[in-house]
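If you want the building blocks of each chain, they are given just below.
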Amino acid sequence: MIFDTHMHTEFSFDSNEKIERLLEASEKKNLGIITTEHKDLNYEEVGGFPIDFNVDEYFSAYEKHRSDRYLMGIEMGLDQRYTGELKKIADSYEFDMIIGSLHTMKGFNLSSRKYLRTVEERTFYKEYLLYAKDMIEENSFINSFAHFDYPTRYSPYKELKYEDYPEEFKVLFQTMVQQDVTLEMNLKRPLTGDVLDSFRSVYKGYYECGGRFVTLASDAHSAEDIGRNFEEAQQLLDDIGLKICYYKRRKRITD
Ligand SMILES: [Zn+2]
Ligand SMILES: [Zn+2]
């Protein structure tokens, strides 16, 4: 079964969705699903607000729904200085899958248009890709690395292409392959136009660096959005030769 490996419910600050509605939608669309609630321990530091949830309550509320088609995960915002704390949480609970995300970088909020407008595009992308490599090296317990295009969505920059930053992408992807961290394909934006060109280039580059697996992610915050843009994604992955996977009890499943 194909799994949608990234979505949020009411345990996340930015979703009101009920687990029951997601389970219903997963049946209807014949997709497996993994809930991945937000934990960004550093968010207040970047001028934001606390983004957190009670993991004990999450397990006591959702564990009873766990099945072959419903698995439980978490989306962790990675940052320097929080590795120990995040690792402890990862080890303390029976998550099926742990997503590592960069919502911040060195004290800056990566969804801040104000911040991104002040940094030159190439300087930013180079620093960002190398920072991603550092964070993955440091947090090697994560299973997938989410939405590489996250800052692009809030910036005036061009979409990322592998061939525009070959050195930076190479070290990032080689590190991921070495540490067995999977590159997520985040499908929040439709796979058309410049986004499709960017994804084709970046995922091809990932393949050239030895990457073989991708997780599919709607990043849905409501049930209607699960599985969004999956058909286009499957087509693209087939063209490149990448395989779709998901995680169960932190192990990669490829069937
Ligand atoms: Zn995210
Ligand atoms: Zn998310």
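Parameters at a glance
- Residues numbered from 1 in each chain as written.
- Chains lettered and ligands numbered in written order.
- Predicted model: local features only at pLDDT ≥ 70, side-chain atom pairs only at ≥ 80, totals over all residues.
- Heavy atoms only, no water.
- UniProt positions renumbered as here; feature names shortened; annotations may be inferred.
- Pairing = 2+ DSSP bridges.
- Helix = DSSP H or I, 4+ residues; strand = E, 2+ residues; numbered from the N terminus.
- Donors = N, O, S within 2.8 Å, 3.2 Å for Na, K, Ca; no water.
- Tetrahedral: all angles 85-135°; square planar, octahedral: opposite > 155°, others 65-115°.
- Buried < 20%, exposed > 50% of the residue type's maximum accessible area, 1.4 Å probe, protein only.
- Arc of directions from axis to C-beta.
- Contact = heavy atoms within 4.5 Å.
- Phe/Tyr/Trp six-rings, centres within 6.5 Å; stacked < 30°, edge-to-face > 60°.
- Lys NZ or Arg CZ within 6 Å of the ring centre and 35° of its normal.
- Right-handed = clockwise from strand over helix to strand, strands pointing away.

For the protein, an unreviewed UniProt entry supplies the name Histidinol-phosphatase and the organism Proteiniclasticum ruminis. Recorded in UniProt for the protein, the comment headed Catalytic activity (unreviewed entry) runs: "L-histidinol phosphate + H2O = L-histidinol + phosphate". Reading the Pathway (unreviewed entry) entry of the UniProt record for the protein gives the comment "Amino-acid biosynthesis; L-histidine biosynthesis; L-histidine from 5-phospho-alpha-D-ribose 1-diphosphate: step 8/9."

## Focus on the sheet that holds strand β7 (residues 144-145)
The strand order β1-β2-β3-β4-β7-β8-β9-β10 describes an open sheet built from eight strands, whose pairing is parallel. Strands with a single pairing partner mark the edges of an open sheet, and in this sheet they are β1 (3-4) and β10 (243-244). Across seven bridges, the pairing between strand β2 (residues 32-39) and strand β3 (residues 70-77) is parallel. Bridge assignment links His38 to a residue of β3, and that residue is Glu75.

## Remarks on the coordination of the zinc ion (ligand 2)
Here the zinc ion (ligand 2) is held by His6 (NE2), His8 (NE2), Glu75 (OE) and Asp219 (OD), and the distances to it run 2.1 to 2.4 Å. Each of the four donor atoms around the zinc ion (ligand 2) contributes to a set of angles spanning 80 to 166 degrees, which defines the coordination as irregular. Between the two metals, the zinc ion (ligand 2) and the zinc ion (ligand 1), the spacing is 3.6 Å, and Glu75 donates to both. A residue pair is termed long-range when its members are at least 10 positions apart, and His6 in the loop between β1 and α1 (19-29) and Asp219 in the loop between β9 (213-217) and α9 (230-240) qualify at 213 residues. This pair shows no difference in class: His6 is buried, exactly as Asp219 is.

## With respect to helix α3 (residues 83-92)
Buried within α3 we find Thr83, Leu86, Ile89 and Ala90. All buried residues of α3 fall inside an arc of 130 degrees around its axis, so they share one side. In this structure, α3 carries Gly84, Lys88 and Asp91 as exposed residues pointing more than 90 degrees from its buried face. Next to the buried residues of α3 lie β2, α2 (55-62), β3, β4 (97-101) and α5 (121-138).

## Here's the deal with the environment of Ile89
Here Ile89 lies in helix α3. For the pair formed by Ile89 and Val55, sequence separation is 34 residues and the distance between their alpha carbons is 8.7 Å. The residues touching Ile89, leaving out its near neighbours within four places in the chain, are Lys39, Leu41, Val55, Ile74, Met76 and Phe95.

## Thoughts on the packing of aromatic side chains
Ring pairs (aromatic) are described by centroid distance and by the angle formed between their planes. A complete count under the given rule lists 26 aromatic pairs for this structure. Ring geometry for Phe148 against Phe199: centres 5.3 Å apart, planes inclined by 50 degrees, an arrangement best described as tilted. Separated by 51 residues along the polypeptide, Phe148 in the loop between β7 and α6 (150-153) and Phe199 in helix α8 (residues 193-208) bring together distant segments of the chain. Its relative accessible area of 0% is what places Phe199 among the buried residues. Taken together through their ring pairs, the aromatic side chains of Phe11, Phe53, Tyr58, Phe59, Tyr62, Tyr93 and Phe95 make up a single cluster. Directly above the ring of Phe53 sits Lys39, whose terminal nitrogen or CZ lies 5.3 Å from the centroid. It is Arg212 that lies over the ring of Tyr207; its NZ or CZ is 3.9 Å from the centre.

## A short note on the UniProt feature "domain: PHP" (unreviewed entry) in the protein
In the UniProt entry, the feature "domain: PHP" (unreviewed entry) is given for residues 4-186. Segment residues 4-186 splits into 38% helix and 18% strand. End C-alpha atoms: 10 Å apart.

## Considerations on the pairing of strand β8 (residues 182-186)
With five of five residues buried, β8 lies mostly within the body of the structure. Residues of β8 alternate between two faces, with Thr182, Glu184 and Asn186 on one and Leu183 and Met185 on the opposite face, all of them buried. Summarising the sheet, β8 and β9 pair through four bridges and their orientation is parallel. For Met185, the partnering residue across the bridge sits in β9 and is Leu216.

## Brief notes about the environment of Glu121
Secondary-structure assignment places Glu121 in helix α5. Apart from the residues lying within four places of it in its own chain, the contact partners of Glu121 are Tyr157, Lys158 and Tyr165.

## Some details on the pairing of β4
In terms of burial, β4 is a largely internal element, five of the five residues being buried. Here β4 shows no split at all, with Met97, Ile99 and Ser101 on one side and Ile98 and Gly100 on the other all buried. Strand direction decides the pairing type here: β3 and β4, joined by five bridges, are parallel. Bridge assignment links Met76 to a residue of β4, and that residue is Gly100. As for the winding sense of the linkage, the β-α-β connection from β3 through α3 to β4 is right-handed. Relative to β7, β4 runs parallel, the two being bridged by two bridges. Considered in β7, the bridge of Ile99 is made with Ser144.

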